[in-house]
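# Results of the structural survey
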Amino acid sequence: MNAAGLAGAAALGFPRPALAQGEPLRIGWLAAMTGPSSAPTVGFNRGVVFAAEAINGAGGVKGRKVEIVTRDSQGDPTKAVNAVQEMISQAKVHAIWGPTNSGEALATTPIMARAKMPSIHPCVIDSLIDPAKYPNAFRIAPSNTQWDDAVRSYCLKVLKVKRVAVIGDTTGYGVTAAKASAAAFKQDGAEVVYLGNIDSTQPDMTPDLLRARNAGAEALVVWSVSTGMDARLFNTRARMGWDVPIVGHPSMASGEIGGLLEKPANWEKVYAVGYRSCSYDESGKLTPRSEEFIGRLKGKVALSDTLLWWVAAGYDAVTLIAKAVEETGSSAPDAIVKHWNGLTKYPGIFGDYTYTAKEHNGYPTEEVVMSAANSGRDGSFRLAPGYS
């Protein structure tokens with residue numbers, strides 16, 4: 001049940017104790033509000049605040065007020081570790097949402113597991129979810145494997161290409177993601193004609209794209225979080241007069257890229273990972289659930305400078321915790337985890353979540369789609385060609 005559902009239950013007059021009689025439901029929010037990873041966090045935070053205000057406005061969760069305990073990690077794993085320890089030992093939170101980047105999550109997930117703290121996060125590195133090692137950790141967003149599956153499926157089934165070039169940056173993520181992507185393409189019968197890693201600060205992308213073109217690549221698959229590198233790739237492709245589609249990482253749809261292009265047309269035929277719930281069709285319509293959500297956000301939460309999925313995921317994280325407490329009547333860790341392990345197609349805004357005791361990746365792969373990277377509008381994007 002989302003916050004609207006909680007409000008509906010309150011309106012129907014179900015008995016609940018007065019707010020003063022119940023201990024607050026304290027939700028830890030491990031947020032990189034400042035620093036290099038702050039852009040997504042700002043969007044997530046808007047959803048978190050909106051959800052908490054909606055639930056509290058409806059009387060709370062069985063009379064318990066939702067209290068968001070926010071700690072700014074600044075994107076620093078060491079600060080994130082300190083914040084998590086303080087949340088658990090001193091703030092006495094009942095569950096934790098975040099962190100929102102994988103570097104912090106790699107450092108904090110084992111700590112939360114040892115404390116048996118229910119946690120939910122949107123970080124993509126596959127190893128962060130392991131019900132045997134981390135039975136209290138759940139993922140609300142897709143894993144990197146799910147991103148990779150969506151990119152590969154679009155190349156092979158929609159674009160119908162047989163020969164691809166896979167390019168990553170030289171970060172640990174870029175090297176790992178490009179290698180895994182190339183292996184999966186080969187396993188599915190495609191030919192990887194070029195596999196390379198480029199320093200994201202490299203000013204001239206021409207040598208690498210010439211190698212890819214000369215090898216016969218019919219699509220470029222790019223794995224990098226660097227918008228500067230993305231823009232240089234798009235500009236170089238245009239200068240070469242090479243009409244090849246570029247498919248890959250969500251960063252390719254970042255609004256920052258617009259100001260880095262030599263001309264707007266260079267952003268055409270670029271398809272970035274997106275989500276069906278936050279994508280509009282050719283008529284400009286989002287899914288009914290997202291349209292209803294945006295209607296509730298209107299005048300309260302801005303979307304013009306962020307992404308809809310960030311706001312929706314932050315909202316869903318809070319309501320998933322609230323729903324567990326509402327349904328079980330308990331904020332004990334084992335009660336929350338047991339409830340999450342039994343969810344089947346829980347209707348969130350960002351997606352429908354399904355978890356079991358053996359599977360804590362809850363986001364449906366079929367909801368991961370490709371977006372037209374240059375079509376951003378109030379945090380959402382047009383579906384890439386080929387989707388119905």
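Residues numbered from 1 in each chain as written. Predicted model: local features only at pLDDT ≥ 70, side-chain atom pairs only at ≥ 80, totals over all residues. Heavy atoms only, no water.

Inclusion rule: UniProt positions are given in the numbering used here, feature names are shortened, and annotations may be inferred rather than shown by experiment.
The chain is annotated in an unreviewed UniProt entry as Leucine-binding protein domain-containing protein from Methylobacterium platani. Taken directly from UniProt, the Sequence similarities (unreviewed entry) text for the chain runs: "Belongs to the leucine-binding protein family."

## Side note on the overall build of the chain
Rules: A run of H or I in DSSP counts as a helix once it spans at least four residues, and a run of E counts as a strand once it spans at least two, with each numbered from the N terminus. Here the radius of gyration uses the C-alpha set of atoms, whereas the globule reference equals 2.2 Å times the residue count to the power 0.38. Each residue is assigned to one of three classes by its accessible area relative to the maximum for its type, calculated with a 1.4 Å probe on protein chains only: buried under 20%, partly exposed between the two thresholds, exposed over 50%. Accessible areas in this description were obtained via Shrake-Rupley with a 1.4 Å probe; residue shielding takes into account the shown protein chains only. The charge count includes Lys and Arg as positive and Asp and Glu as negative, but it does not include His or the ends of the chains. Every charge is mapped to an atom, namely NZ of Lys, CZ of Arg, CG of Asp or CD of Glu.
What the chain contains, in helices and strands, is 11 helices and 15 strands. Over its C-alpha trace the chain gives a radius of gyration of 21 Å, about what one expects of a compact globule, namely 21 Å for 388 residues. Seen along its three principal axes, the alpha-carbon backbone of the chain occupies a region of about 70 × 45 × 35 Å. When burial is assessed residue by residue, the chain has 54% of its 388 residues classed as buried. Accessible surface for the chain amounts to roughly 15900 Å². Of this, 53% is attributable to carbon and sulfur atoms. A gap of 3 Å separates the mean positions of the 39 positive and 37 negative side-chain charges of the chain.

## Remarks on the sheet that holds strand 14 (residues 368-372)
As a reminder of what qualifies: When DSSP finds two or more bridges between two strands, those strands count as paired. To obtain an axis, a line is fitted to C-alpha atoms, over the contacting stretch when the element is a helix, and the angle between two such axes runs from 0 to 180 degrees between their N-to-C directions. A contact between two residues is defined here by any heavy atoms of the two lying within 4.5 Å.
The six strands lie next to each other as 7-6-8-9-10-14, forming an open sheet whose pairing is mixed. At either end of the open sheet lies a strand with only one pairing partner, and these are strand 7 (191-198) and strand 14. The sheet shows a mean angle of 30° between the axes of neighbouring strands, direction not considered. Inspection of the sheet shows strand 10 (residues 270-275) paired to strand 14 by five bridges, in the antiparallel sense. Within the sheet, the bridge partner assigned to A272 lies in strand 14 and is S371. Its contacts with the sheet place helix 6 (residues 172-187) against strand 6 (163-169), strand 7 and strand 8 (219-223), and it is angled at close to 165° to strand 6.

## Quick notes on the environment of P110
In this fold, P110 is placed in helix 4 (residues 102-114). Look at P110 and you get partly exposed, because its relative accessible area is 23%. Remark: the alpha-carbon pair of P110 and K133, spanning 23 residues in sequence, is separated by 8.2 Å. Residue contacts for P110: discarding those within four places in its chain leaves A105 and Y134.

## Focus: the UniProt feature "domain: Leucine-binding protein" (unreviewed entry) in the chain
Cross-referencing UniProt, the feature "domain: Leucine-binding protein" (unreviewed entry) maps to residues 24-361 in the present numbering. Secondary structure across residues 24-361 comprises 42% helix and 17% strand; the distance between its end C-alpha atoms is 28 Å.

## Topic: the packing of helix 9 (residues 288-297) against helix 10 (residues 308-328)
This is how the line gets drawn: Note on terminology: angles under 35 degrees are roughly parallel, angles over 145 are roughly antiparallel, angles of 65 to 115 are roughly perpendicular, and the others are oblique. Amino acids are sorted into nonpolar (Ala, Val, Leu, Ile, Met, Phe, Trp, Tyr, Cys and Pro), charged (Asp, Glu, Lys and Arg) and polar (every other residue, Gly among them).
Running from amino to carboxyl end, helix 9 crosses helix 10 at an angle of 85°, the nearest separation of the two axes being 12 Å. By the angle class used here, helix 9 and helix 10 are roughly perpendicular. Of the residues in helix 10, those touching helix 9 at F293, I294, R296 and L297 are L308, V311, A312 and Y315. For the contact of helix 9 with helix 10, the per-class residue count stands at seven nonpolar, no polar and one charged.

## Considerations on the pairing of strand 2 (residues 66-72)
Note that strand 1 (residues 25-31) and strand 2 share seven bridges and pair parallel. Residue pairing across strands places G28 opposite V69, the latter belonging to strand 2.

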